[in-house]
Amino acid sequence: MLIFAIATAIIAVTVAAAHYILGERAVLKPLFAEPTDGLLAAPTMRHLTWAMFQLHSLVWASLGIVVLLNRLQGGGDLIGYLAILIFTMSGIGNFAALRRPHPGGILLFLAAGMTAADIWFN
């Protein structure tokens, strides 16, 4: 059933876009606006911090799309298992970092569940 792979891709891209846009506005912009003479004073460290924060968005979106492409091409389940691992660990990390339920963490668990359903039913 292709519907589970499609759902995985939609959820993963949605979470990635929200993380990128909201993270830029709510976390990085205020962080970089503060005057500092410490670690973030160097432009290189600012660029590295930005890249490390936004890398998650790239991974989630790419992984969701790859799960869908893998299913369309009749590939094996290894990519699906990797997606389950990454989505689940990201969801756990989200809950651990925020110490409360968060829509991003819930959607990452949902993406892991959709990927598991895709493997199970195909």
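Residues numbered from 1 in each chain as written. Predicted model: local features only at pLDDT ≥ 70, side-chain atom pairs only at ≥ 80, totals over all residues. Heavy atoms only, no water.

Some thoughts on the overall build of the chain
And step 1. Assigned secondary structure in the chain consists of four helices and zero strands.
And step 2. Written out in order from the N terminus, the α and β elements of the chain read α-α-α-α.
And step 3. When its C-alpha atoms are laid out on the principal axes, the chain stretches across 55 × 30 × 20 Å.
And step 4. Here the chain displays about 7400 Å² of accessible surface, and carbon together with sulfur accounts for 75% of that area.
And step 5. Across the chain, 6 positive and 5 negative side-chain charges occur, with their mean positions spaced 6 Å apart. (Helix = DSSP H or I, 4+ residues; strand = E, 2+ residues; numbered from the N terminus. Areas by Shrake-Rupley, 256 points an atom, 1.4 Å probe, with all protein chains shown as cover. Lys, Arg positive; Asp, Glu negative; His and termini not counted. Charge placed at Lys NZ, Arg CZ, Asp CG, Glu CD.)

Section: unusual backbone geometry
Most peptide bonds take the trans configuration, and most residues that are not glycine carry a negative phi.
And step 1. In this structure, Arg-99 is a non-glycine residue whose phi angle is positive, near 60 degrees.
And step 2. Mapping Arg-99 onto the fold places it in the loop between helix H3 (78–98) and helix H4 (103–121).
And step 3. In this structure Arg-99 comes out as exposed when scored by relative accessible area, which is 74%. (Buried < 20%, exposed > 50% of the residue type's maximum accessible area, 1.4 Å probe, protein only.)

Considerations on the nonpolar core
And step 1. Judged by nonpolar contacts, the single largest core of 16 residues is most densely connected at Val-15, Trp-60, Ala-83, Phe-87 and Leu-108.
And step 2. Of all the secondary-structure elements, those providing two or more residues to this core are helix H1 (2–33), helix H2 (43–72), H3 and H4.
And step 3. A per-element tally of this core places H1 first, with six residues.
And step 4. Excluding its chain neighbours within four sequence positions, the residues that come into contact with Ala-83 are Leu-63, Val-67 and Thr-115. (Core = buried A, V, L, I, M, F, W, Y, C linked by side-chain atoms within 4.5 Å. Contact = heavy atoms within 4.5 Å.)

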